[in-house]
Every structure is written in structure tokens, then in C-alpha cells.
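Tertiary structure, described
Chain by chain, the residues:
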Amino acid sequence: HSLTAMAVDYSNNSGVSELITVYLSSTSQIMPNLIYPGLTDRIEVTNAPVFSWHGVPNTNEYEIKIYKIENISDYYIILNEITTIEEDTSYIDLNNLIDLNNIINYDDVPIKQTFVTDTSYAIDFPLSDENSGFYWRVRGISDLGAETEWSDTWIFEISGPSPPIPSYPIDV
């Protein structure tokens, strides 16, 4: 892009800047923004959520990766760190304060990796039948094959079934 700026003061004096040229990459710091499951969501209704995100201009395909946190206690450690930051901050932008990239191992094999052309993905199998933690991220791919940066990484929990509650007193 080529730009010039023109300024006019109250006395009608004007000036024009020199012509400058700005080059922008087709994916300059643009990445999908995640919507659902949200950061730290606890999902109780389904164990196969529909993942969704805001799209990126000039992107015709998205790659989504979903990982399982193998040890639920590791999920709660991450959750506790996020909760502590929320409590200590009056205004919070979790994406800037918490770099989950330093906590999470992307060398792990995702439980699901796929490419879609929409800004949502309905996972085709149940993620878990018990309390389990997960993390996910998305990136866009243009028709020329240029990839955006990965989205922020968000964690969420699938909560397992509640234990049965006896409907009558039990003698112990």
C-alpha cells in the first residue's frame, strides 16, 4: 500500500507528507479468535462439544487441534493459576497474562487434528466419560497455502457423570 497524509490547520495552512509504501503480509498478526469452548469452561451437558471461532479474512480453511491433558491434576494446576491471576487483577486480558504455550506441550499427539472450511467443528466422537481436561487451538490457511499464527490456546474440562444419589435412607 502507498500512503500520504495531508494536514490542514485552523488557518487553512496545509501540508502533505512524502509518499510512503507499506508492505503487509496476507497473514500479518492475524489469527482466529476462539469462542467455544471458552477458556476454563466446564462442560457438563455433552462430552462432544461443537468448537467455534471467529474467522480470518482471506482464509478458506482452518486446522484445528484438540489435545487431552492426560493427568486431571495437571488441568487443575493450570486452572488454579488462571483463577489466581483473575482474582489479583481488576481488569484482565487472560490471553496476554497467561502464556499457555509455556505450560502445554504441543509435541503431544492431538486426540483430534482436522481441516475444515467453516468456523466451527463438531467433534465426531465423545471426548471423555469422566472428568478430563483438554486444550485446543486453530489456525487459518489461505487458498495460496499461507498459514496464520495459531490462535490462543484455551483449556476446558468435560465433567463426568455425577455420582448417584440414593432416593431413600441407607442403613450403614
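Just so it is clear, the model here is predicted, and its values are computed rather than measured. (Residues numbered from 1 in each chain as written. Predicted model: local features only at pLDDT ≥ 70, side-chain atom pairs only at ≥ 80, totals over all residues. Heavy atoms only, no water.)

**Comments concerning the overall build of the protein**
Scanning the protein from N- to C-terminus turns up 2 helices and 12 strands. Helices (α) and strands (β) of the protein occur, in sequence order from the N terminus, as β-β-β-β-β-β-β-β-α-α-β-β-β-β. Taking all 172 residues of the protein together, 34% fall into the buried category. Sequence-distant contacts in the protein: of pairs separated by 6 or more residues, those separated by 24 or more amount to 68%. In the form shown here, the protein has an accessible surface area of approximately 11300 Å², with 50% of it arising from carbon and sulfur atoms. (Helix = DSSP H or I, 4+ residues; strand = E, 2+ residues; numbered from the N terminus. Buried < 20%, exposed > 50% of the residue type's maximum accessible area, 1.4 Å probe, protein only. Contact = heavy atoms within 4.5 Å. Areas by Shrake-Rupley, 256 points an atom, 1.4 Å probe, with all protein chains shown as cover.)

**Brief notes about the sheet that holds strand 11 (residues 132-141)**
Either a parallel or an antiparallel arrangement is found when strands of a sheet pair, and the pairing is made through backbone hydrogen bonds. Read from one edge to the other, the open sheet built from 5 strands follows the order 6-12-11-8-9, with strand pairing classed as mixed. The strands lining the two open edges of the sheet, one partner per strand, are strand 6 (41-43) and strand 9 (112-116). Taking each pair of neighbouring strands and ignoring which way they run, the sheet shows an average axis angle of 25°. Both strand 8 (residues 61-69) and strand 9 contribute to a ladder of 5 bridges, which runs antiparallel. The residue of strand 9 that forms the bridge with K65 is Q113. (Pairing = 2+ DSSP bridges. Axes fitted to C-alpha atoms, helices over the stretch in contact; angles between N-to-C directions.)

**Concerning the side chain of S151**
Relative to the helices and strands, S151 is located in the loop between strand 11 and strand 12 (154-158). The class for S151 is buried, based on a relative accessible area of 5%.

**Description of the nonpolar core**
One finds F51, W53, I64, Y121, W136, I155 and F156 to be the most contacted residues of the largest nonpolar core, which totals 29 residues. Of all the secondary structure elements, the ones that give two or more residues to this core are strand 7 (50-54), strand 8, helix 1 (72-87), strand 11 and strand 12. Excluding residues that lie within four positions of it along the chain, F156 makes contacts with P37, G38, D41, I43, P49, F51, Y75, L127, S132, G133, F134 and W136. (Core = buried A, V, L, I, M, F, W, Y, C linked by side-chain atoms within 4.5 Å.)

**Structural notes on a nonpolar patch on the surface**
A grouping of M6, V8 and V16 is seen on the molecular surface, where their side chains present a nonpolar patch of about 330 Å² in accessible area. Its location among the elements puts V16 in strand 3 (residues 14-16). (Patch = residues over 30% accessible without salt bridge, like charges linked within 9 Å, V, L, I, M, F, W, Y side chains within 5 Å. Salt bridge = Lys/Arg side-chain N within 4 Å of Asp/Glu carboxyl O.)

**Considering unusual backbone geometry**
Note on backbone geometry: most residues besides glycine have negative phi, and most peptide bonds are trans. Omega for the peptide link from Y36 to P37 comes to 0°, which places this bond in the cis form. Turning to its location among the elements, P37 is positioned in the loop between strand 5 (33-36) and strand 6. Positive phi, normally seen in glycine, also occurs at N12, with a value near 65°. Along the chain, the position of N12 falls in the loop between strand 2 (6-8) and strand 3.

**Regarding the packing of aromatic side chains**
By the definition in use, this model includes 7 aromatic pairs. Summarising the aromatic geometry, the rings of W53 and Y62 are spaced 5.7 Å apart at their centres and angled 65° between planes, so their arrangement reads as edge-to-face. As far as burial versus exposure is concerned, W53 and Y62 are alike and both buried. Taking the centre distance of 4.5 Å and the plane angle of 5° together, the rings of Y67 and Y135 count as stacked. Residue Y67 is found in strand 8, and its partner Y135 is found in strand 11; the two are separated by 68 residues along the sequence. For the residue pair Y67 and Y135, the accessibility class agrees, reading buried in each case. Through a chain of ring-to-ring contacts, three or more aromatic side chains come together here, namely F51, W53, Y62, F134, W136 and F156. Sitting over the face of the ring of W150, R137 holds its NZ or CZ atom 4.1 Å from the ring centroid. (Phe/Tyr/Trp six-rings, centres within 6.5 Å; stacked < 30°, edge-to-face > 60°. Lys NZ or Arg CZ within 6 Å of the ring centre and 35° of its normal.)

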